[in-house]
Each structure stands twice: as structure tokens, then as C-alpha cells.
Amino acid sequence: MAEDQSLREDEHFDVVVIGSGMGGMCSAAWLASAGLTVAVLERSRHLGGRASHRVRRDAVVTTGAIMIPMGPGSAIRQAFDAVGAEMNMIDTTGRMRYRLAHGDYDLPPGGGGLYGLIEFALEGDVDEAQALFARVREAMGWWTPLDSITMREWLDQYTDNENVKSLFNGYTAALMGVGIHEMGAGTFFQFLKGSSKGSQFGLAAEGNGDLMASLAGGLESHGATILRRTQVNEIVVENNRVVGVRVVTDGQERVISTDYVLSNTGPDRTVELAGGDDAFESSYIARLRTQDHAATIFHVSFLMDRPLIDDLDGSLVLGNNTNLIYLEIPSNISPHIAPPGRHLHTAYGAPVDSANVDYQGELDNTLAELEQNFPGVLEEAEFVVKAMHRGRSPGMHRWVGRTMPVTTPIRGLYNVGDGCTAPGTIGTEGAASSAKLATSHLLERHRR
Ligand SMILES: Cc1cc2nc3c(=O)[nH]c(=O)nc-3n(C[C@H](O)[C@H](O)[C@H](O)COP(=O)(O)OP(=O)(O)OC[C@H]3O[C@@H](n4cnc5c(N)ncnc54)[C@H](O)[C@@H]3O)c2cc1C
């Protein structure tokens, strides 16, 4: 297995991938299956970054992602397939409940729930619901709005109803970590279009770490080298071209020579590793600096002797709060990931205003809103995670619609991960989509 792999003294790789997050691992899968020699260097002893898990009080608790795309159209599935790796998933597609101030609404299992949700938000006003839904359909069809207005401004044109805005805000905050007053209308509809095309998602039956172990197995069977506890301290660049990486592995510093580097460390860290701002052409740095849009997510996971909601076998998206946006009870879906007789809950909060976050205050309020929604929960819950994903370890490195390109001005250097997702994609799927973009660009050049 990966931990036993080691390097020869003069080893050269076609490609070095820095980091084993979803973007890094999917990149390695496509490149190894194309026959390139690939090394994945991960500073932690765990693979997967924010798509992994840790065992806390005998429960399998996510390091971040919980809803993982798994359908044939998903870049994640395609990367797993490229190296013959299994995805042990429990399909939860369509199992979504929305909570607004006046009640809960279950999406119909067969899809097509958006109209129903709008009618629910409008408390049964069919005429207004049909009029607004017609606008949504137009935005999905002939004319996609532009990002020159926010999604809130787009809604303001057609409705005064705050319940409807809470509905859309809950959706964007839960899925993308930003509110409708921050998200461009075009970006919203681009994402909605992508996600309405029969996307399928689920929970990793044994935890995300199990998925990553499966992908690592597939990589190794295709000849890739995976080194954990290997920290990259420098991307070595000569004449504006990548030539290697300086690492510490087995307590020793050394340089590994390579033709291409795919950095999964986030665009800001990539710049630091490759020599700082001055090493990059200035339009790239200008975009990086003028659009500092990391999305913060608050994460709390806790165990209880009973599930907070007996029949929740998917997601609860909450549009009735300021910070609390999402609840899932993973042990309702895969019971053995919590110890016998215990029930694992995972809840997320998003900041009200991503550019001006009161980190501790809003994490505290996420918990207070959990209590308002489920009186008595704070007394009963045994917390195993209370985390703020922010700054250099954010919920997502950049908001959707504000991402960086996968290519960089330095020859042979790419970024992969959720700082450079393909349009219309987010989170783990966004990270995998960036891997797809970067590896197809790389392979095209490599073959020339
Ligand atoms: C609380 C929370 C909830 C989320 N929920 C969802 C969800 O339900 N569904 C969804 O799709 N997405 C979700 N996301 C987002 C999703 O987790 C991320 O978008 C995705 O996992 C990011 O993958 P990545 O490729 O950017 O890599 P990362 O996860 O950022 O991994 C990067 C890896 O690089 C390693 N590394 C960094 N620097 C170095 C170095 N110098 N040398 C060696 N290794 C290095 C790190 O240790 C890490 O393992 C959530 C995120 C959070 C935080």
C-alpha cells in the first residue's frame, strides 16, 4: 500500500501532483491511466484532504464533503473508472428536505421539485409561483442572465416575497457557501442547469477516506507512486519552466525532478511555493489578488442517543436561519458509521456576508440556530467536531464564478482543486472537473 512506497535516489516523474485532495487524486488517475509516470506527494498521513474522514469516538466523521456526486456524468466517477476503482456509495439522489420559516417540504423523488419548492415558499399562491417559475425556465433556456447582477437582484425583479429569497439563499449557501446577495445571477443559473441534468449523488458508505483508499489502490495498480507525510516546500522553476519540487520526506530534504507539477494546494499557496508574486506574469497575480473569494463553512458534527429526525435519509437544507444551512444524519443512511446505539449528525453553517465574517460569533450562532430548530439538542449532543473552514483551509478555495484558471503563466505548472473549478461545478465535483481540464491540457501538450 502507499505508505510503503519510497523514492529511488535519481527518480524522475513525468508529473508530480502536490496534495491528495479530490483534485489531486483525480488528476493522478487520468494521468496514470494515460501511461505517464506520476507521483502524488501528500504532507499528511491521510489521503483526501477535505474529502476524507477521521474516526472520532468510534464514529466516521467527514473532514468536509458529505454529498458526493457519483453518476456516470460526474468527473469523479470518470476518474475512478479510469483506474478501475470502486466507489462504495449509498445513493441519496433526490432525498432532500427544505425548511423555511413556515414548515418543511420534501422534494418529490422523481425530480422536478423546483416548481413545488417555489409554490411552497409562496404558501400556495399558484399564479405567482407559475409566473416566477416561468422566469426561472427562461433563465435556464434562451437567455442566461449575466453576472453583472447578483442572484438576489435577479429575484428582486420578479418577487417581493422574502420566503422565496430565503429558499434560494438556503440553496446557494448550502451548496456553495455564499448567499444570493453575493453570487452572480449567471453563475447561479449555470450551476442550476448543470445540476438539473440528472446529477446523482450519495454518501460514501464507509466514509470518504474509504473512497480515497480505493482510488489510491487504482492509482498504484497503474504504476503511480503515492507518498504520504511528504511536504513540498518549493516548486523549482528555471527559465519560467517547472523542473522539480523540493520536498521533505522521511525526515530528509531532497529535490524530485519532473516535467509537470499539478498543485492541489490552492492557487495562493501555489504562488508561494513557486517563488512568490514576482515569479508570475502580472495579469495572473492581479486576478488572484483582486478576487480573494475563499468561501468559509462552519462544520459541527455530534453524536446523540437518538436521531434528531427519524425519517431524514438525505439532506435537510435550512432556509429559515441566518447561519445554519444544512443538516444530515449520516448514520440514518449508513448506520454502522456510528457506534451501536449512537447517531451521527453533521451540520454546516455559512457566513451572512463572506467578505466580512465574524468567525466565532457566526459559529456560535450556527449552534444557537441548531438549538432553535431542535430544542434541547445542545444539552444532548456529544460534539466531535466544531470547525471553521476559513482562510487557507476554507470551505472552498474560491467561490463559484470567481475561480482561477487551471493553467498558470509558468510552463508545466497547473492548479487543480476547488480554486479552479470548471464553470457550473462546485465542491468535490468542481475539484474533479479542474483535474479533467488540467490533465486534458497537459496530455495534449505532452503528446505533441
Ligand atoms: C465543511 C465542508 C463541507 C463540504 N461539503 C461538501 C459537500 O457536501 N459536497 C461537495 O462536493 N463538497 C463539499 N465541500 C467542498 C469539498 O470538500 C472541497 O471542495 C474538495 O474536497 C476540495 O478538494 P481539493 O481538490 O481542492 O483538495 P483539498 O481537499 O484542499 O486537498 C488538498 C491536499 O493537499 C495537501 N497539501 C497542501 N499543501 C501541501 C504541500 N505543500 N505538500 C504536500 N501536500 C500538501 C493537503 O494536506 C490536502 O490533503 C465541503 C467542504 C467543507 C470544508
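Residues numbered from 1 in each chain as written. Predicted model: local features only at pLDDT ≥ 70, side-chain atom pairs only at ≥ 80, totals over all residues.

Q: Any chance you could break down the overall build of the protein for me, citing the residues and the numbers?
A: The helix and strand inventory of the protein stands at 14 helices and 19 strands. What you see for the protein is a C-alpha radius of gyration of 22 Å, in line with the 22 Å of a compact globule of 448 residues. Taken over the C-alpha atoms alone, the protein extends approximately 70 × 50 × 40 Å along its principal axes. Residue burial in the protein is summarised as follows: out of 448 residues, 51% are buried. In the protein, 69% of the contacts between residues at least 6 apart in sequence involve partners at least 24 apart. (Helix = DSSP H or I, 4+ residues; strand = E, 2+ residues; numbered from the N terminus. Rg over C-alpha atoms; globule rule 2.2 N^0.38 Å. Buried ≥ 20, exposed ≤ 12 C-beta atoms within 10 Å, placed from the backbone. Contact = placed C-beta atoms within 7 Å.)

Q: Would you mind going over the sheet that holds strand 14 (residues 297-304) in detail, with residue names and values included?
A: Spatially, seven strands are ordered 8-7-15-16-17-14-18 in an open sheet, and the strand pairing comes out mixed. A strand with exactly one partner marks an edge of an open sheet, and here the two such strands are strand 8 (103-106) and strand 18 (382-389). Neighbour to neighbour, the strand axes of the sheet diverge by 15 degrees on average, direction disregarded. As defined by bridge partners, strand 14 adjoins strand 18 across seven bridges and the pair is classed as antiparallel. Following the sheet pairing, phenylalanine 298 is matched in strand 18 by methionine 388. Strand contacts of helix 6 (residues 162-176): strand 7 (96-100), strand 15 (315-318) and strand 16 (324-328), with the helix running at about 135 degrees to strand 7, the strand carrying the most contacts. Its contacts with the sheet place helix 12 (residues 359-373) against strand 14, strand 15, strand 16, strand 17 (343-349) and strand 18, and it is angled at close to 40 degrees to strand 14. (Pairing = 2+ DSSP bridges. Axes fitted to C-alpha atoms, helices over the stretch in contact; angles between N-to-C directions.)

Q: Give a detailed account of the domain arrangement of the protein, specifying residues and quantitative values.
A: Domain boundaries in the protein define domain 1 (2-90 + 206-291 + 399-447), domain 2 (110-196) and domain 3 (295-389). Centre-to-centre separation of domain 2 and domain 3, based on C-alpha positions: 25 Å. Across the contact, 12 residues belong to domain 2 and 12 residues belong to domain 3. Along the lines of polarity and charge, the residues of the side of domain 2 that touches domain 3 split into six nonpolar, five polar and one charged. (Domains from an automatic or database assignment. Nonpolar A, V, L, I, M, F, W, Y, C, P; charged D, E, K, R; others polar.)

Q: So what about the site of the ligand? Which residues, and what values?
A: What surrounds the ligand is a group of 35 residues, the closest being Gly19, Gly21, Gly49, Gly417 and Gly427. Taken together, the elements giving at least two residues each to the shell around the ligand come down to helix 1 (22-33), strand 11 (231-238), strand 14 and helix 14 (427-447). Class assignment for the residues of the shell around the ligand results in 12 nonpolar, 17 polar and six charged. Inspection of the shell around the ligand shows a minimum of three residues originating in each of domain 1 (2-90 + 206-291 + 399-447) and domain 3 (295-389). (Near = placed C-beta within 6 Å.)

Q: Which residues make up the sheet that holds strand 9 (residues 201-204), and what are the values?
A: With respect to topology, three strands assemble into an open sheet ordered 5-9-6, the strand pairing being antiparallel. Single-partner strands in this sheet number two, and they are strand 5 (68-69) and strand 6 (89-91). Summarising the sheet, strand 5 and strand 9 pair through two bridges and their orientation is antiparallel. Paired with isoleucine 68 across the two strands is glycine 202, which belongs to strand 9.

Q: Please set out helix 3 (residues 113-121) residue by residue, giving values where relevant.
A: Of the positions making up helix 3, those classed as buried are Leu117, Ile118, Phe120 and Ala121. Projected onto a plane normal to the axis of helix 3, the buried residues spread over an arc of 160 degrees and lie on a single side. In this structure, the buried side of helix 3 is in contact with strand 7, strand 8, helix 4 (126-140) and helix 6. With its phi angle positive at about 50 degrees, glutamate 123 sits one or two positions after the end of helix 3. (Arc of directions from axis to C-beta.)

Q: Quick rundown of the environment of glycine 412? Include the residues and the values.
A: Looking at the secondary structure, you find glycine 412 in the loop between strand 18 and strand 19 (413-415). Here the alpha-carbon distance between glycine 412 and valine 61, two residues 351 residues apart in the chain, equals 36 Å. Not counting residues up to four positions away in its chain, the partners in contact with glycine 412 are Arg241, Val242, Asp259, Tyr260 and Val261.

Q: Give a detailed account of the nonpolar core, specifying residues and quantitative values.
A: Soluble globular proteins: nonpolar side chains tend toward being buried together. Ranked by internal contacts, the top residues of the largest apolar core, which has 70 residues, are Val16, Cys26, Ala28, Ala29, Val38 and Ala79. Broken down by element, the residue count for this core peaks at eight residues, all from helix 1. In this structure, Leu122, Phe168, Phe191 and Leu370 belong to the second largest nonpolar core, which totals 65 residues. (Core = buried A, V, L, I, M, F, W, Y, C linked by C-beta atoms within 7 Å.)

Q: Any chance you could break down the pairing of strand 15 for me, citing the residues and the numbers?
A: Side-chain alternation along strand 15 places Ser315 and Val317 on one buried face and Leu316 and Leu318 on a second face that is also buried. Bridge analysis of strand 7 against strand 15 gives four bridges, and the strand direction is parallel. Counterpart to arginine 99 in the pairing with strand 15 is leucine 318. Two elements, strand 15 and strand 16, share three bridges in a ladder whose sense is antiparallel. Opposite valine 317, over in strand 16, you have tyrosine 326 as the bridge partner. Adjacent in sequence and paired antiparallel, strand 15 and strand 16 are bridged by five residues.

Q: Would you mind going over helix 8 (residues 208-221) in detail, with residue names and values included?
A: A turn of α-helix holds 3.6 residues, and therefore any two residues three or four places apart point the same way. End to end, helix 8 covers 20 Å across 14 residues, agreeing with the expected 20 Å (1.5 Å per residue, within 8%). Listed in full, the buried residues belonging to helix 8 are Asn208, Gly209, Leu211, Met212, Leu215, Ala216, Gly218 and Leu219. Phi turns positive one or two residues past the end of helix 8, at glycine 223, with a value near 90 degrees. (Expected span 1.5 Å × (residues − 1).)

Q: Can you break down the packing of helix 1 against helix 8 residue by residue, with the values?
A: With their axes 10 Å apart at the nearest point, helix 1 and helix 8 run at an angle of 25 degrees to one another. In terms of orientation, helix 1 and helix 8 fall into the roughly parallel class. In this structure, the crossing between helix 1 and helix 8 has a hand that is left-handed. Residue-level contacts link Met25, Ala28, Ala29 and Ala32 of helix 1 to Met212, Leu215, Gly218 and Leu219 of helix 8. Taken together, the residues of the contact of helix 1 with helix 8 sort by class into seven nonpolar, one polar and no charged. (Parallel < 35°, antiparallel > 145°, perpendicular 65-115°, else oblique. Left-handed = near helix turned anticlockwise from the far one by under 90°.)

Q: Summarise unusual backbone geometry; cite the residues concerned and give the values.
A: Phi is positive for aspartate 58, which is not a glycine, with a value near 65 degrees. Mapped onto the elements of the fold, aspartate 58 is located in the loop between strand 3 (53-56) and strand 4 (59-62). Assessed through the 13 C-beta atoms surrounding it within 10 Å, aspartate 58 is described here as partly exposed. Its identity as a non-glycine residue notwithstanding, asparagine 239 has a phi of 50 degrees, on the positive side.

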